[in-house]
Amino acid sequence: MARTSLSAVALQLSGSGAAVSEPAGPASATATPTFVLDVNGREHQLTVDARVTLLDALRDRLGLTGTKKGCDQGTCGACTVLVNGRRIDSCLTLAVMHEGDRVTTIEGLASGEQLHPIQAAFIKNDAFQCGYCTPGQLMSAVGMVNEGHAIDRNTVREQMSGNICRCGCYPHIVDAVLDWKGRS
Amino acid sequence: MSTIPSMIGSPIRRREDPRLITGRATYVDDVKMVGTVYAAFVRSPYGHAKVRSVDVSAAKERPGVVAAYAAADLIAAGLNVSIPVAADLPGLKKPAHPPLAIDEVRFVGEPVAVVVANTPYAARDAVEAVAVEYDQLEAAIDLEKAAAGPPYVHEDLGTNVAFVMPVKTGDPEAAFAEADVVVKERIVNQRLIPCPMEPRSMLAHWDTGAAHLTLWTSTQIPHLLRTNLALLLGLGEIKVRVIAPEVGGGFGAKLNLYGEEIVVSWLSTQLGRPVKYIETRSENFAAMTHGRDQIQYIEVGAKKDGTITGLRMKIFANLGAYHQLLTPGIPTFTPLMSPGCYKLTGFDCEVTGVFTNTMATDAYRGAGRPEATFMIERAIDLVALELGLDPVDVRRKNFIGSGEFPFTTITGLTYDSGNYAASLDKALELVDYKGLRAKQEELRKQGRYLGIGFSTYVEVCGMGPSAAMPAPGWDSAQVRVEPTGSVTVMTGISPHGQGEETTFAQIVSAELGVPIDSVSVIHGDTDKVQYGVGTFGSRGTAVGGAALKLAIDSIQAKAVKIAAHQWEANPDDVEYKDGKITVKGDPSKSMTTAEVGFTAFRGVGLPPGLEPGLDATRRFEPPNFVYPFGAHVCVVEVDADTGEAKIVRYIAVDDCGRVINPLIVDGQIHGGLAQGIAQALYEEAVYDENGQLVSGTFMDYAMPRAHQLLAFETDRTTTPSPVNPLGVKGVGEAGTIGSTPAVVNAVMDALAPFGVKNIDMPLRPEKLWKAMHANSNGKVNE
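Student: Quick question: what am I supposed to make of the overall build of chain B here?
Tutor: Counting secondary structure elements, chain B contains 20 helices and 28 strands. Taken along the three principal axes of its C-alpha coordinates, chain B extends 90 × 75 × 50 Å. The buried share of chain B, reckoned over its 782 residues, is 66%. Considering only contacts within chain B whose residues lie at least 6 apart along the sequence, 80% involve residues at least 24 apart. Of the roughly 25,500 Å² of accessible surface on chain B, a fraction of 51% belongs to carbon and sulfur atoms. Averaged over its 71 positive side-chain charges, chain B has a centre that lies 2 Å from the centre of its 91 negative ones.

Here it is in structure tokens:
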């Protein structure tokens, strides 16, 4: 029965305002702080409802729509970004908590038109199809390497397991990561 | 067929990739319009309940709220519609399916009211202020109980049975009379949830000046959606434009017309503002169509030598609470494909479609065919076990021979081409079958349980001949040679991850000799592209690509006439060769498509009576379906301590006819394998007895992740299809259809020493552990 209620709660959450993606309206009783967010090396002054997630701030306030919302529950990894070089589900953290942090999104991965090597490796290894989970997969791969986890195939498989790909590109995603790191 | 240079068959990297890899692709939620308001739906928390009242007045008072509607408000405002079902069957019961429930809710997640606000969170907050009074009713959840009697999902029908479809062919009585053994089994093909990573997403914009509606929606069928929306909203079809921008996966679940799409479009016409609705993942789990969900009682007659004589089946198909677009049509594929790769002399089947208080089932990758393939491939193994034969030998014994195509099966389908033994041979060679059996024997002595499972599948796709479809089965292509020699392709299919922007450009480049980068492939916008049917049923290249080939043929024929006129040659002596127009036997005379295209554009120097311009619009009406096939081998090891089944090797030899781009074909196979293996081992949609969806999040619904899937070993045989001018078969669903039984057969093979014959999917560790630790009374030794 516990599982039943979990499902019912989840359904209610969908209508409860738990996911917020726009600035505060008069309905909000919460604070609307003003703060500075460093995204991809650029500082943005933001005034948003304190409830606004980092994901919604990126997508709906800063126009950085490359980061995707797959579940808004921290279970699929589509919204993965880097905060100070480490992976984070941007749907599970509030924008206001990240003043002073360095946030990197998919838009900040390439250097101008020069692809990041993991992006090139994803293309070379055909590691995606519909592309919706791909920004999260890429950021997760970079974060994993930064965290020192890209040791071998099995470690990569384990460490990439937070990012769901319904197109089933996992073998090629793992190939791409190993290709990039020169390991197999 | 004209010569196709090396561009065909090359692993060209997808042109879709750069925008996807940089976060620059535009999915529906990435489309931003000034003045947008946001919709949120109030949904039923009950599986079955009377709706006593719906009061939206308090929601309307919430700050930021623009409007709120219950079903009665929609009807009063003139929107009194039922969500359409295209599939039809004799005697099919079609209960009304309003986009907002009127006086009864029949599944958890059914929309009851809608609110619109200036921001998404204001809309969601306002959902809480909508007061709905429910009287909970008993829910019909168990499929077989629902088929047998009350409670009824639709009380006025007096039954939950929506249709009964008998299929009796050959001489089943004689077939079973000559059988030495009859193997019986109850086979469960559990309900699955498609879960594309992009949930249903839509943005409707009613342009008040032009009195014109644009709907961006994450769909596989933009044109069919436009036609249906126009009819439902009472708008002229020319007043509706549907755009499928980048679509983040569909898997059949976006081959539909959802009530939310109707309501959101209508809201925009009422409010005169863009209205956006992006469903939450919880809503996606509960209220986007599900797949599979059949219980099959089978009897297989066989002779001692393994010859399968006849098949009897009683299939219960769970339709859910209402029909969606193709709901009742999906299970009708199952009997048709149940004979698989095998020759039978008697077939007797009855399909019963049953309403339950659950989300509607509809197309999900494979759509009715995985249920057939799983059944027959399991049945073959059960027969082999009963007779003490090798499952490989039983398969071979019953294969349709490579010289027997086209082959009309006992259920009346005509398989186009095939060589089932060849793909099986190749798979056996790759896996070293003899060596594996020896290893299995050795490991068993050490208390380790290796299993080897086969699936030799055939599937029906390339949907399909119009006469055999609930919608048009043809598709279209327009090819335009532009004045500078660039080529624009408008395709009626609607790719969403399958890569046809690339494969179609390859075909054009090969046939017209233009650089691939000067070919543009446009799709998914009803104001740009001529009518097309869409992407589903592995039809993109088999039907849409074939239409493209026809359009290219027309272009070439006209270009030849123009070149011949320029050279004062007989058109019969002029031909397209290696992408150039030449005079036969005179290599000094040569023109490119671009040169001829410019002449055609300039309108000077054309043969008398020939229209200027070099373009063509063609449609391909498939004379038959196509039938991809293959042989899969799965090797698993089941851990006796934990019951976990680990796939050790997976070999897939698939035949999808001629391959345009092997990179993309392999990707489609991989994706198919992932979803098919997931059904065998992990995924299951679970409703409790009240109709609560227990598996309603990614934490509860076990979609496979990177650590669960190993590298697959893929190979292919190539048996071109005679059905279309490209010789291609579909490949989108084959991996899913073929893989599920291979995995289950492997696990059952591993558990053979325990006397285990059948365990229902998904083969979770707990079930396997119990089977391995049960005593002779079937009790588990704890």
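Back to the text.
Student: Where do I start with the packing of aromatic side chains in this structure?
Tutor: All names here are of chain B. For the structure shown, the criterion picks out 19 aromatic pairs over all chains. Taken together through their ring pairs, the aromatic side chains of Y342, F399, F405, Y420 and F629 make up a single cluster. One residue, R312, lies across the ring of F176, its end atom 3.9 Å from the ring centre. Against the face of F333 rests R369, its NZ or CZ located 5.7 Å from the ring centre.

Student: For this particular structure, what's the right way to read the environment of A774 of chain B?
Tutor: Examined against the element boundaries, A774 of chain B turns out to sit in the segment after α20 (765–772). Along the backbone, A774 of chain B and V756 of chain B are 18 residues apart, and their C-alpha atoms lie at a distance of 9.9 Å.

Student: I keep staring at the interface of chain A and chain B and nothing clicks. Help me out?
Tutor: The parts lose accessible area when they come together, and the size of an interface is often stated as this lost area. The partner chain B presents 72 residues to the 65 residues of chain A that form the contact. For the pairing of chain A and chain B, the buried interface totals around 5,800 Å² over both sides, and the portion due to carbon and sulfur atoms is 57%. Linking chain A with chain B are seven salt bridges. For the pair chain A and chain B, the interface holds 26 residue pairs in polar contact (both at pLDDT 80 or more). Breaking the side of chain A that touches chain B down by element, the ones donating at least two residues are α1 (2–13), α2 (54–61), α3 (117–124), α4 (134–146), α5 (153–159) and α6 (170–181) of chain A.

Student: Any chance you could explain the packing of α3 of chain A against α4 of chain A here in plain terms?
Tutor: When two helices pack together, their arrangement is captured by the angle between the axes and the distance separating the axes. Residues and elements named next belong to chain A. Look at α3 against α4: their axes get within 10 Å of each other, and the N-to-C directions meet at 125°. Considering their axes alone, α3 and α4 lie oblique with respect to each other. Note on packing geometry: the crossing formed by α3 with α4 is right-handed. Seen from α3, the contacting residues are I118, Q119 and F122; seen from α4, they are T134, Q137, L138, A141 and V142. Considered class by class, the residues forming the contact of α3 with α4 number five nonpolar, three polar and no charged.

Student: I would appreciate a short explanation of the sheet that holds strand β12 (residues 275–278) of chain B in the present structure.
Tutor: Across a sheet, strands are paired by hydrogen bonds formed along the backbone, either parallel or antiparallel in direction. Residues and elements named next belong to chain B. With mixed pairing, seven strands are arranged side by side in an open sheet as β3-β5-β1-β12-β9-β10-β11. What marks the edges here is a single partner per strand, and that holds for β3 (65–70) and β11 (240–243). For this sheet, the mean inter-axis angle between neighbouring strands, taken without regard to orientation, is 20°. Bridge count for strand β1 (residues 37–43) against strand β5 (residues 111–117) is six bridges, and the pairing is antiparallel. Bridging from a neighbouring strand, A40 pairs with V115 of β5. With respect to the sheet, helix α7 (residues 222–233) is in contact with β10 (212–217) and β11, its orientation differing from that of β11 by roughly 145°.

Student: Looking at this structure, I do not really get the domain arrangement of chain B. What am I missing?
Tutor: Residues and elements named next belong to chain B. Examined at the domain level, chain B breaks down into domain 1 (31–137 + 197–249 + 254–287), domain 2 (291–461 + 625–772) and domain 3 (464–620). Spacing between the C-alpha centres of domain 1 and domain 2 amounts to 37 Å. Where domain 1 abuts domain 2, roughly 2,400 Å² becomes buried across the two surfaces, and 67% of that area is made up of carbon and sulfur atoms. Run the count over domain 1 and domain 2 and you get zero salt bridges. Taken together, the connections running from domain 1 to domain 2 amount to 12 residue pairs in polar contact (both at pLDDT 80 or more). The element contributing the most residues to the side of domain 1 that touches domain 2 is helix α9 (residues 281–287), with five residues.

Student: Any chance you could explain the sheet that holds strand β19 (residues 475–481) of chain B here in plain terms?
Tutor: Residue and element names in this part refer to chain B. The four strands lie next to each other as β21-β20-β19-β25, forming an open sheet whose pairing is mixed. Looking at the sheet topology across the chains shown, the edges are occupied by β21 (519–522) and β25 (615–620). Direction aside, the axes of adjacent strands within the sheet are offset by 15° on average. Where helix α15 (residues 500–512) meets the sheet, it contacts β19, β20 (487–491) and β21, and its direction lies at approximately 140° from that of β21. Across the sheet, helix α16 (residues 540–567) touches β19, β20 and β25, and the angle it forms with β25 is around 145°.

Student: Looking at this model, I keep getting lost on the nonpolar core. Mind explaining?
Tutor: What tends to happen in soluble globular proteins is that the nonpolar side chains get buried as a cluster. Residue and element names in this part refer to chain B. Grouped together as the largest cluster of nonpolar side chains are 187 residues, with contacts concentrated most on Y650 and L681. Considering each element in turn, this core owes the most residues, 10 residues, to helix α11 (residues 369–387). Here L681 is in contact with A645, I647, V743, V747, P762, L763 and R764, once residues within four sequence places are set aside. Counting residues in hydrophobic clusters, the runner-up holds 50 residues, among them V489, A542, I552 and V723.

Student: How should α16 of chain B be read in this particular structure?
Tutor: Residues spaced three or four apart along an α-helix point in a common direction, a consequence of the helix completing one turn every 3.6 residues. All names here are of chain B. Between its first and last C-alpha, α16 extends 39 Å over 28 residues, near the 40 Å set by a 1.5 Å rise per residue. Summarising burial for α16: 22 of the 28 residues are buried, a large majority. Downstream of α16 by one or two residues, E568 has phi in the positive range, about 50°.

Student: Teacher, can you tell me more about empty space enclosed by the protein here?
Tutor: Empty pockets left among the atoms are what a rolling probe the size of a water molecule brings to light. All names here are of chain B. Using the criterion set out here, one finds 11 cavities of 30 Å³ or more in the structure. Each pocket or cavity is described by its volume, and for the largest cavity that value is around 90 Å³. What lines the largest cavity is a set of 14 residues, and nearest its centre among them are I83, H97, P111, E260 and Q324.

Student: Just to check I follow, could you spell out the domain arrangement of chain A for this structure?
Tutor: Residue and element names in this part refer to chain A. Domain annotation for chain A reports domain 1 (33–108) and domain 2 (117–181). On a C-alpha basis, the centres of domain 1 and domain 2 stand 21 Å from each other. Each side of the interface is counted separately: domain 1 has 17 residues, and domain 2 has 17 residues. Summed over both sides, the interface of domain 1 with domain 2 buries roughly 1,300 Å², with 56% coming from carbon and sulfur. Taken together, the links from domain 1 to domain 2 amount to one salt bridge. One salt bridge connects R87 with E147, and the closest N-O pair in it is separated by 3.0 Å. Where domain 1 packs against domain 2, one counts eight residue pairs in polar contact (both at pLDDT 80 or more).

Student: Help me understand the side chain of R378 of chain B in this model?
Tutor: Residues and elements named next belong to chain B. Relative to the assigned elements, R378 resides in helix α11. Here R378 sits buried without a salt bridge, and the closest side chain of opposite charge, D381, lies 4.8 Å off (N-O distance). Only 2.7 Å separates the side chain of R378 from the side chain of N745, close enough to count as a polar contact. Looking at R378, its side chain comes within polar contact range of the side chain of N758, at 3.0 Å. Sequence-distant contacts of R378, defined by excluding residues within four places in its chain, comprise I187, V744, N745, M748, K757 and N758.

Student: Whenever I open this one, the confidence of the model for chain A confuses me. Can you help?
Tutor: Detailed conclusions should not be drawn from predicted coordinates in areas where pLDDT is low. Per-residue confidence for chain A gives a mean pLDDT of 86, with 83% of residues at or over 70. Predicted confidence for residues 1–29 of chain A stays below pLDDT 50, and this span has 64 contacts to residues more than four positions away or in other chains.

Student: Explanation requested: the packing of α7 of chain B against helix α8 (residues 259–271) of chain B in the structure shown.
Tutor: Residue and element names in this part refer to chain B. Two elements in contact, α7 and α8, have axes whose closest approach is 11 Å; the angle formed by their N-to-C orientations is 60°. Taken as axis vectors, α7 and α8 run oblique relative to one another. The interaxial crossing formed by α7 with α8 has right-handed handedness. Of the residues in α8, those in contact with L225, L229, L232 and L233 of α7 are E261, I262, S265 and W266. Split by residue class, the contact of α7 with α8 holds six nonpolar, one polar and one charged.

Student: Please explain the side chain of N189 of chain B as it appears in this structure.
Tutor: Residue and element names in this part refer to chain B. Tracing the backbone through its elements, the reader meets N189 in strand β8 (residues 181–192). Exposure remark for N189: the relative accessible area of 0% places this residue in the buried category. Here Q679 takes part through its side chain, which lies 2.7 Å from a polar atom of the side chain of N189. Each residue touching N189, except ones within four places of it in the same chain, is listed here: R292, D293, Q294, P370, E371, F374, Q679 and M761.

Conventions adopted
For every chain, the first residue of the written sequence is number 1, and numbering continues from 1 along that sequence. To label them, take the chains in the order written and letter them from A, then take the ligands in the order written and number them from 1. Where totals are concerned, whole chains, interfaces and linings use all residues; where local detail is concerned, this predicted model gives features only for residues with pLDDT of at least 70, and gives and counts side-chain atom pairs only at 80 or more. Only heavy atoms go into the side-chain values, all of them from the structure, while hydrogens and water stay out. By the criteria applied, helices consist of DSSP H or I runs no shorter than four residues and strands consist of E runs no shorter than two, each listed in order from the N terminus. Think of it in three bands: with a 1.4 Å probe and only protein chains considered, a residue is buried below 20% of the maximum accessible area for its type, exposed above 50%, and partly exposed in between. Only heavy atoms matter for contacts: two residues are in contact if any of them lie within 4.5 Å across the pair. In this description, accessible areas are obtained by the Shrake-Rupley approach with a 1.4 Å probe, and a residue is regarded as covered only by the protein chains that are shown. Counted as positive: Lys and Arg. Counted as negative: Asp and Glu, with His and the chain ends omitted from the count. The atoms used to mark charge sites are NZ of Lys, CZ of Arg, CG of Asp and CD of Glu. Aromatic pairs are defined between Phe, Tyr and Trp rings, using the six-membered ring for Trp, whenever the two ring centres lie within 6.5 Å; interplanar angles under 30 degrees are classed as stacked, those over 60 as edge-to-face, and all others as tilted. Two thresholds decide whether a charge sits over a ring: the Lys NZ or Arg CZ must be within 6 Å of the ring centre and within 35 degrees of the ring normal. Each of two parts loses accessible area, computed with a 1.4 Å probe, when they are put together; buried area is these two losses added. For this document, the term salt bridge refers to a Lys or Arg side-chain nitrogen within 4 Å of an Asp or Glu carboxyl oxygen. Throughout this description, a polar contact denotes any pair of N or O atoms lying within 3.5 Å of each other; where both atoms belong to protein, one of them has to be capable of donating a hydrogen while the other can accept it, and for residues adjacent in sequence the pair is counted only when both atoms sit in side chains. Note on geometry: axes are C-alpha line fits, over the in-contact stretch for helices, and angles between N-to-C directions span 0 to 180 degrees. Each angle receives one of four descriptions, namely roughly parallel if under 35 degrees, roughly antiparallel if over 145, roughly perpendicular if within 65 to 115, and oblique otherwise. Crossing handedness: left-handed means the near helix sits turned counterclockwise from the far one by under a right angle, and right-handed means the same turn made clockwise. Gly falls in the polar group here, along with every residue not listed as nonpolar (Ala, Val, Leu, Ile, Met, Phe, Trp, Tyr, Cys, Pro) or charged (Asp, Glu, Lys, Arg). Should DSSP find at least two bridges between two strands, the strands are regarded as paired. Per the annotation, domain bounds derive from an automatic or database assignment of domains. As used here, the term nonpolar core means buried Ala, Val, Leu, Ile, Met, Phe, Trp, Tyr and Cys residues forming a set that is joined through side-chain atoms within 4.5 Å. What a helix should span is 1.5 Å times the count of its residues minus one. The method works on a 1 Å grid over the protein atoms by themselves. A cavity is a set of points holding a 1.4 Å probe that cannot get out, a pocket is an open set with protein on both sides within 12 Å along at least five of seven lines, and residues with an atom within 4 Å of a point line them. Grid points are joined across faces, edges and corners, and a volume is the space filled by probe spheres set on the points. Think of pLDDT as the predictor's per-residue confidence, scored from 0 to 100.

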